[in-house]
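Listed below are the residues making up each chain.
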Amino acid sequence: GTQTPVYFWAMWLWKQVFGGSELSLRMPGVIATSLAAAVVAVGIIRNHGSVLAGMIAGLILALDSNAIFYGTEFRPFAIA
């Protein structure tokens, strides 16, 4: 792949702390995708002053099928 070794070192450390189950290995991507949806929502709220627009944008990212698929992979798609 084109990922830097830093990502895989971080995942090695993650595995040492949380174990090697499928759920624990997919969790960093899930957390990153969730944070990305929150960042989009907050960014739109701050830049446009519309809570409704921020909520809609955050929900679109959170519920997008591609974001869900790539956010649950053990690859840095959601982080990069």
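In this text the structure is predicted, and so the values were computed from the model without any measurement.

Let us look at helix 1 (residues 5-18). Because an α-helix packs 3.6 residues into every turn, residues spaced three or four apart end up facing the same way. Between its terminal C-alpha atoms helix 1 stretches 20 Å, which fits the 20 Å expected from 14 residues at 1.5 Å a residue. One or two positions beyond helix 1, positive phi appears at Gly19, with a value near 95°.

Running from amino to carboxyl end, helix 2 (residues 22-48) crosses helix 3 (residues 51-63) at an angle of 160°, the nearest separation of the two axes being 8 Å. Relative to helix 3, the element helix 2 lies roughly antiparallel. Two packed elements cross with a definite hand, and for helix 2 against helix 3 that hand is right-handed. In this structure, helix 2 uses Ala36, Ala37, Val40, Ala41, Ile44 and Ile45 to contact helix 3, whose residues at the interface are Val51, Ala53, Gly54, Ala57, Gly58, Leu61 and Ala62. Its residues assigned to classes, the contact of helix 2 with helix 3 comprises 11 nonpolar, 2 polar and no charged.

Looking now at the packing of aromatic side chains. Counted under the stated rule, the structure contains 3 aromatic pairs. Centre to centre, the rings of Tyr7 and Phe8 are 5.2 Å apart; their planes meet at 80°, and the pair counts as edge-to-face. Taking the relative accessible area as the measure of exposure, Phe8 reaches 33% and is therefore partly exposed. Arranged with centres 4.3 Å apart and planes meeting at 40°, the rings of Trp14 and Phe18 form a pair that is tilted. With Trp14 and Phe18 both in helix 1, this residue pair falls 4 residues apart, about one helical turn.

Rules used in this analysis
- Residues numbered from 1 in each chain as written.
- Predicted model: local features only at pLDDT ≥ 70, side-chain atom pairs only at ≥ 80, totals over all residues.
- Heavy atoms only, no water.
- Helix = DSSP H or I, 4+ residues; strand = E, 2+ residues; numbered from the N terminus.
- Expected span 1.5 Å × (residues − 1).
- Axes fitted to C-alpha atoms, helices over the stretch in contact; angles between N-to-C directions.
- Parallel < 35°, antiparallel > 145°, perpendicular 65-115°, else oblique.
- Left-handed = near helix turned anticlockwise from the far one by under 90°.
- Contact = heavy atoms within 4.5 Å.
- Nonpolar A, V, L, I, M, F, W, Y, C, P; charged D, E, K, R; others polar.
- Phe/Tyr/Trp six-rings, centres within 6.5 Å; stacked < 30°, edge-to-face > 60°.
- Buried < 20%, exposed > 50% of the residue type's maximum accessible area, 1.4 Å probe, protein only.

As far as function goes, none of this settles anything; it's purely spatial.
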